[in-house]
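Breakdown of the fold
The chain contents come next:
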Amino acid sequence: MVLHSSLSLSLSLFPFLSPNNNNIHLILNNNLNQHKHKHKRKHLSCCALKPTSQTDTFFRRDFVLFGLTSLSLTSPLSVTLAEEEPKMASFEDELNAYSYLYPVELPSKKFVFKWVESRKPERYSSAAPLSPDARLRIVSERVDIIDNLIISVTIGPPNSSIIKTTDKSKWTAREVADSVLSDKSALRVTSSQRLAESSVLDTHSGEIDGEPYWYYEYLVRKSPIKVTPDSSVFRHYLASTAERDGYFYSISASTLSPQWEKMGPFLEKSVSSFRLLKPTENYVPPYKDPWRFW
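Given the structure is predicted, the values throughout are model-derived calculations rather than measurements.

Concerning the overall build of the protein
Within the protein one finds six helices and twelve strands. Looking at the protein as a whole, 53% of its 294 residues qualify as buried.

This is how it looks when you write it as structure tokens:
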């Protein structure tokens, strides 16, 4: 897959952890500020089990995520990763008409990512919900349990309390990020409380093939279980969102904050490669047969 050079994401376009960003100072604690200054970003360029019940799926998934957190805190990375362009594989979901790249190997280090496809592509109507209202749903996901990496693709409608107009040319990246995150929670709380679980570090938007894409970076600092007394450990995310047929299609890639310096650059390549594809005859729009669960 060949990516247009204008789509390369460097820190000049993705100014994460900007000291001028007031949001981080309003939300994050001193431990997080220490973490922010400790990790310096490098310039980059882009070159399942089916749930038995949708009402409890998001709880079980969250326990798994934080179980991985506990594992990674006791198991260091298998190698020290160097600055190297990884070998990438392409993933394409014709059912939902999107694609992205993900890292599979660092040849010179003989390092292989241990991806498992935890959720195979499925239609929106049967996909696992990320919150009790089931607006935002996971349509595919892959995990690397050993190195604690997760790449998820979700679909859900915009939150009307945040997105006030149907003219997407007027949507800001922060509004899109807040809309997606307001529906992304494993807790039975309100949309505003779900937003409080996440701290958005920075946002920006771009255009690909004439369509807007919104990019954002955030930390998740709250969980329903306490896996570590170290309050400076967060789950660090990069995400990209595009809109089609009145729904947000989003990719998110994450790892733990202590691993971000090593793994973050590879996740950034995956997020920057996310594309909505031209629908084929296999495409199932999210609004089709909302009652269907197979």
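Focus on helix H4 (residues 173-182)
H4 sits mainly inside the fold: eight of its ten residues count as buried. The set of residues buried in H4 consists of Ala173, Val176, Ala177, Asp178, Ser179, Val180, Leu181 and Ser182.

Some thoughts on the pairing of strand E10 (residues 235-244)
The buried fraction of E10 amounts to ten of the ten residues, a majority that puts the element mostly inside the structure. Burial along E10 is two-sided: the face carrying Arg235, Tyr237, Ala239, Thr241 and Glu243 and the face carrying His236, Leu238, Ser240, Ala242 and Arg244 are both buried. For strand E9 (residues 211-220) and E10, the ladder comprises seven bridges, and the chain directions are antiparallel. Residue pairing for E10: tyrosine 218 is matched across the bridge by tyrosine 237. Across ten bridges, E10 lies against strand E11 (residues 247-256) in antiparallel orientation. Bridged to alanine 242 within E11 is tyrosine 249. Counted between consecutive antiparallel strands, the loop separating E10 from E11 contains two residues, among which aspartate 245 sits at a positive phi close to 55 degrees.

Some points on helix H6 (residues 260-272)
It helps to recall that an α-helix has 3.6 residues per turn; residues three or four apart then point in one direction. For H6, with 13 residues, the first-to-last C-alpha span of 17 Å sits near the 18 Å given by 1.5 Å per residue. The element H6 is extensively covered by neighbouring structure, given that eleven of its 13 residues are classed as buried. Trp260, Met263, Gly264, Pro265, Phe266, Leu267, Glu268, Lys269, Ser270, Val271 and Ser272 are the residues of H6 that are buried.

Remarks on the environment of glycine 206
Residue position: glycine 206 is located in strand E8 (residues 198-208). Judged by its relative accessible area of 28%, glycine 206 is partly exposed. Considering only alpha carbons, one finds glycine 206 and alanine 173, 33 residues apart in sequence, at a separation of 9.3 Å. In this structure glycine 206 touches Glu211, Pro212, Tyr213 and Tyr215, once residues within four positions along its chain are discounted.

Thoughts on the side chain of serine 125
Looking at the element boundaries, serine 125 is found in the loop between strand E4 (115-119) and strand E5 (128-129). Of note is the side chain of serine 125, whose polar atom sits 3.1 Å from the side chain of arginine 123.

Concerning the confidence of the model for the protein
Residues at a pLDDT of 70 or more form 62% of the protein, whose mean pLDDT is 74. Across residues 1-60 the pLDDT falls below 50, and counting only partners more than four positions away or on other chains, this stretch makes 120 contacts in the model. Low pLDDT (under 50) marks residues 186-195, which in the prediction has 30 contacts with non-local residues, meaning those over four places away or in another chain.

A few points about the environment of glutamate 85
Following the sequence through the fold, glutamate 85 ends up in the loop between helix H3 (54-74) and strand E1 (87-93). Along the chain, glutamate 85 and lysine 269 lie 184 residues apart, while their C-alpha atoms are 9.7 Å from each other. Within the structure, the side chain of glutamate 85 is placed 2.9 Å from the side chain of lysine 269, a separation counted as a polar contact.

Overview of the nonpolar core
Core analysis: the biggest nonpolar cluster contains 33 residues, and Tyr100, Phe113 and Phe274 have the highest contact counts within it. Residue assignment for this core shows that the elements contributing at least two residues are E1, strand E2 (98-106), strand E7 (149-156), E9, E10, E11 and H6. Looking at this core element by element, the count peaks at five residues for H6. Those residues in contact with tyrosine 100, other than ones at most four positions away along the chain, are Ala89, Ser90, Phe91, Arg142, Ile151, Val153, Ile251, Ser270, Ser273 and Phe274. Counting residues in hydrophobic clusters, the runner-up holds 18 residues, among them Leu130, Ile163, Leu181 and Phe248.

Digging into the environment of valine 233
With respect to the element layout, valine 233 can be found in the loop between E9 and E10. The class of valine 233 is buried, set by a relative accessible area of 17%. Separated by twelve residues in the primary sequence, valine 233 and arginine 221 place their C-alpha atoms 7.9 Å from one another.

Analysis parameters
- Residues numbered from 1 in each chain as written.
- Predicted model: local features only at pLDDT ≥ 70, side-chain atom pairs only at ≥ 80, totals over all residues.
- Heavy atoms only, no water.
- Helix = DSSP H or I, 4+ residues; strand = E, 2+ residues; numbered from the N terminus.
- Buried < 20%, exposed > 50% of the residue type's maximum accessible area, 1.4 Å probe, protein only.
- Pairing = 2+ DSSP bridges.
- Expected span 1.5 Å × (residues − 1).
- Contact = heavy atoms within 4.5 Å.
- Polar contact = N/O pair within 3.5 Å; in protein donor to acceptor, adjacent residues only side chain to side chain.
- pLDDT = per-residue confidence, 0-100.
- Core = buried A, V, L, I, M, F, W, Y, C linked by side-chain atoms within 4.5 Å.

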